[in-house]
Every structure is written in C-alpha cells, then in structure tokens.
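Topology and contacts: notes
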Amino acid sequence: MRLYRTRQGPVLEHDGTFHRVGQDWDPLINRPDLVTYLRHSAERSAGDDRVEQVLAPIGSQEVWAAGVTYYRSRTARLEESQVGGGASFYDRVYEAERPELFFKAAPWRVRGPGDAIRVRRDARWTVPEPEIALCINPRAEIVGYTIGNDVSSRDIEGENPLYLPQAKIYDGACALGPAVLVSSEPLPPETAITLRVTRGGRVVAEGATTFSQMRRDAQELVEYLYRETSFPTGCVLLTGTGIVPPDDFTLQPGDEITIDVPAIGTLRNTVAAS
Ligand code: DO4
Ligand code: MG
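Residues numbered from 1 in each chain as written. Chains lettered and ligands numbered in written order. Predicted model: local features only at pLDDT ≥ 70, side-chain atom pairs only at ≥ 80, totals over all residues. Heavy atoms only, no water.

1. What to know about the nonpolar core
For soluble globular proteins, nonpolar side chains are generally found buried alongside one another. The cut-off we apply is this: We call a set of buried Ala, Val, Leu, Ile, Met, Phe, Trp, Tyr and Cys residues a nonpolar core when their side-chain atoms join them within 4.5 Å. The classification of residues rests on relative accessible area computed with a 1.4 Å probe and restricted to protein chains. Under 20% of the type maximum is buried, over 50% is exposed, and intermediate values are partly exposed. Put simply, DSSP marks the helices as runs of H or I at least four residues long and the strands as runs of E at least two long, and each gets a number from the N terminus on.
Ranked by internal contacts, the top residues of the largest apolar core, which has 42 residues, are Ile132, Leu134, Leu251 and Ile257. Residue contributions to this core peak at five residues, all from helix H7 (residues 218-226). Judged by nonpolar contacts, the second largest core, of 14 residues, contains Ile29, Leu38, Cys135 and Val143.

2. Side note on the packing of aromatic side chains
Our working definition: The rule is short: rings of Phe, Tyr and Trp, with Trp giving its six-membered ring, pair when the centres are within 6.5 Å, and they are stacked under 30 degrees, edge-to-face over 60, tilted in between. Both a distance and an angle decide whether a charge sits over a ring: NZ of Lys or CZ of Arg must be within 6 Å of the ring centre and within 35 degrees of the ring normal.
Summed over the entire model, instances satisfying the criterion amount to five aromatic pairs. A centroid spacing of 5.8 Å and a plane angle of 70° characterise the contact between Tyr71 and Tyr94, whose relative ring orientation is edge-to-face. Here Tyr94 lies in helix H4 (residues 87-95) and Tyr71 lies in helix H3 (residues 71-80), a separation of 23 residues in the sequence. A relative accessible area of 49% means that Tyr71 is categorised as partly exposed. Ring plane angle 45° and centroid distance 4.7 Å describe the contact between Tyr226 and Phe231, whose orientation is recorded as tilted. The exposure classification of Tyr226 matches that of Phe231, with both residues buried. In textbook terms, an aromatic cluster arises when at least three aromatic residues are bridged by ring pairs, as seen for Trp64, Phe103, Tyr226 and Phe231. Taking the ring centre of Tyr37 as reference, the NZ or CZ of Arg31 above it sits at 3.7 Å. When the ring centre of Tyr224 is taken as reference, the NZ or CZ atom of Arg227 above it lies at 4.0 Å.

3. Observations regarding the environment of Asp247
Rule in force here: In this analysis, two residues are considered to be in contact whenever any of their non-hydrogen atoms come within 4.5 Å of each other.
With respect to the element layout, Asp247 can be found in the loop between strand S15 (235-238) and strand S16 (256-261). Linking Asp247 and Glu79, residues 168 residues apart in sequence, is a C-alpha distance of 9.5 Å. Beyond its immediate chain neighbours, meaning those up to four positions away, Asp247 contacts Glu79, Trp125 and Arg154.

4. Digging into the coordination of the magnesium ion (ligand 2)
Around a metal, the idealised angle for a tetrahedral arrangement of four donor atoms is 109.5 degrees; for an octahedral arrangement of six donor atoms it is 90 or 180 degrees. Heads up, the rule is: Shown as donors are all N, O and S atoms within 2.8 Å of a metal ion, widened to 3.2 Å for Na, K and Ca; because water is not in the atom set, sites may appear incomplete.
At this site the magnesium ion (ligand 2) is bound by Glu129 (OE), Glu131 (OE) and Asp150 (OD), with donor distances of 2.0 to 2.1 Å. Coordination of the magnesium ion (ligand 2) draws on donor residues from a single chain, spaced E-x1-E-x18-D in sequence. Highlighted residues: Glu131 in strand S9 (residues 130-136) and Asp150 in strand S10 (residues 142-150), separated in sequence by 19 residues. Accessibility assignment for this pair places Glu131 and Asp150 in one class, buried.

5. So, the site of ligand 1
Where we set the bar: Any residue with a heavy atom positioned within 4 Å of a molecule or strand is treated as near that molecule or strand. Contacts described as polar in this section are N or O atom pairs within 3.5 Å, which, within protein, must combine one atom able to donate a hydrogen with one able to accept it, while residues neighboring in sequence count only if both atoms come from side chains. Surface exposure here means Shrake-Rupley accessible area, sampled with a 1.4 Å probe, where a residue is shielded only by the protein chains that are shown.
Around ligand 1 there are 16 residues in total, and Val68, Ser73, Glu100, Lys168 and Thr241 lie nearest to it. Glu131 places a polar side-chain atom, nitrogen or oxygen, 3.0 Å from an oxygen atom of ligand 1. In this structure, an oxygen atom belonging to ligand 1 sits 2.9 Å away from a main-chain N or O atom of Thr241. Out of a free accessible area of 280 Å², ligand 1 has 99% covered by protein chains.

6. Side note on H3
When we look at burial in H3, the residues that qualify are Ser73, Arg74, Ala76, Arg77, Leu78 and Glu80. Against H4, strand S11 (152-153), helix H5 (154-159) and helix H6 (164-168) lie the buried residues of H3.

7. Structural notes on the domain arrangement of the chain
Where we set the bar: Residue ranges assigned to the domains are those given by an automatic or database domain assignment. Buried area: the sum, over both parts, of the accessible surface (1.4 Å probe) that disappears when the two are put together. Gly is put with the polar residues, along with every residue not named as nonpolar or charged; the nonpolar set is Ala, Val, Leu, Ile, Met, Phe, Trp, Tyr, Cys and Pro, and the charged set is Asp, Glu, Lys and Arg.
In terms of domain boundaries, the chain breaks down into domain 1 (2-55) and domain 2 (62-271). Look at where the C-alpha atoms of domain 1 and domain 2 centre, and you get two points 26 Å apart. Taken residue by residue, the interface counts 14 residues in domain 1 and 18 residues in domain 2. Summed over both partners, the interface of domain 1 with domain 2 comes to about 1,100 Å²; 61% of that surface belongs to carbon and sulfur atoms. It is Arg2, Ile29 and Asn30 that lose the most area in domain 1 upon contact with domain 2, and together they represent 45% of the buried surface on that side. If you list the elements that add at least two residues to the side of domain 1 that touches domain 2, you get strand S1 (2-6), helix H1 (25-29), helix H2 (34-44) and strand S4 (54-55). Considering only residue class, the side of domain 1 that touches domain 2 consists of ten nonpolar, one polar and three charged.

8. A closer look at unusual backbone geometry
A cis amide bond, omega 0°, links Gly177 with the succeeding residue Pro178. Here Pro178 shows up in strand S12 (residues 174-182). Even without being a glycine, Val68 presents a positive backbone phi close to 55°. By the element assignment, Val68 lies in the loop between strand S5 (62-67) and H3. One non-glycine residue, Ala140, lies in positive phi territory at about 65°. Residue position: Ala140 is located in the loop between S9 and S10.

See the structure below:
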C-alpha cells in the first residue's frame, strides 16, 4: 500500500486504484492501527484511477539522517576529507557501534516530487544522495518507507567535518517522495535504489545499489535516534547513501535528478537556477 500526501489530503494507492483517506497527515501516519485502517478505508471507497498534485510525504516531522552507513560513502568521504584532516572520523564511524546521526531538515524546508532542489551558491561540489527514508511514529515504530535525496556540498564537508551542518542543511537541500510504502514488515534487502542525473537530455551521472549494502540495521538506527530524543509527531530518518557520483561530477542548474525504488516510486527533481 502506498500513501501519498496531496493538496486535497492523503490518498492511498491500493491494488492500482487511489482512495482519499480524508484526514490530516500527522494523525493518520501515527495511528496505532494504520495498516488495518488504510485497508478498510480502501475497501469502503470506489477509488479513482489517478493521483494528482502530490506533495512531499511529511507533516510536522523533523528529518534526520544517518551517515557513512554504506562502504561507498565511507570511501568517498575518506578521500574528500584527506586534506582537511578529517578522514579518520569517517573510517571510525563506519566501524563504530554508535552510528552517525545528524539533523537534516525542518519539515517546511523539504521539497516534494517535481519541486526544484538547490545547490549552495558558495559550494563548488554538490551531489545528490539517494537514500531510503524511514517514516517512524512517536513510539519508535517504522510505519513505512519513502525516498529521500540528502543533497550535499562535498567541498564544504570535506574542508572540515565541523562544517557538516552547512554542507547538509540549507534551502532546497532535501527532497522526499513520491509516496510512503506503508508496511509493518522490514524493507526487503534486495530492494534496488537507482540514480540518474540528466543534463539537456544526456545522462551525466548514474548509479545503483541495494538496501542490503547498508551496514546498519534500520531498527538499530531508530533505536539510537530515539534514545534521548522524543518525536511527538514522529520523524523521518534518511538511512545513508550507497551511490556516490564520480569526483569530477557536480550538480548544475537545470539538471534533472531521478531516484527510483520500484516498490515506492520515482522521485524526480530539477536543480534550481540559483
Ligand atoms: O558524514 C557525512 C554524511 C554522510 C552521509 O550523508 C551519507 O553517508 O549518506
Ligand atoms: Mg547522506
């Protein structure tokens, strides 16, 4: 079952038809009986054959992110931070018991499907980071999965690890969508994540990975995040990137970024002019 947030309210996709689930996002996503409620709602309504005006699947939740959870990210970060002297931090956090968790976005800063994302004007090297995002309720239960783009300024992060918040948090640095795959089951490890960036119709970067390449267990990341921090309306947690474009690649205005996870959908965003 896929749940969309639209201008008209939440819409559930079930067996190829779309059903309005007429409630606000926060109380809906946090219902203790979410799966049963959605199934019953779908059975009770006739349904439509399309969904329109899709927004980022987020209400009042903060967005957090885990870092260096894939070997590919560890290697890329080690290289980018050699000169700044921060390289060993990435190696250590990849192996450590405690994961790297950082704040990524206030909900109002999140962009949805079709929206423009941004590169910082003071960055020279910016990349998309396609990630599986966990939708978590206040009780630390994973209720579903969506796609996230943790857009990152690698030159700023590489210069000094203490610049991480500036590399990660700015207007247009986070996109989510298109839907939440609502499931109380863990996401299958073989779930594929693919990235493609096109410029003027030409592919300029692409890559693929699977969820099984993540070194951490999703529930373990949630456990660390919720240890001493409460989330009264739940939270969205990006789980890290396993796809890093080549070092000579940087996003440019007009680029189209496509992230595909078949069970969830396709998140498409363009890079804004400035
Ligand atoms: O420590 C830097 C952030 C790493 C990250 O965002 C990732 O691995 O996805
Ligand atoms: Mg990331």
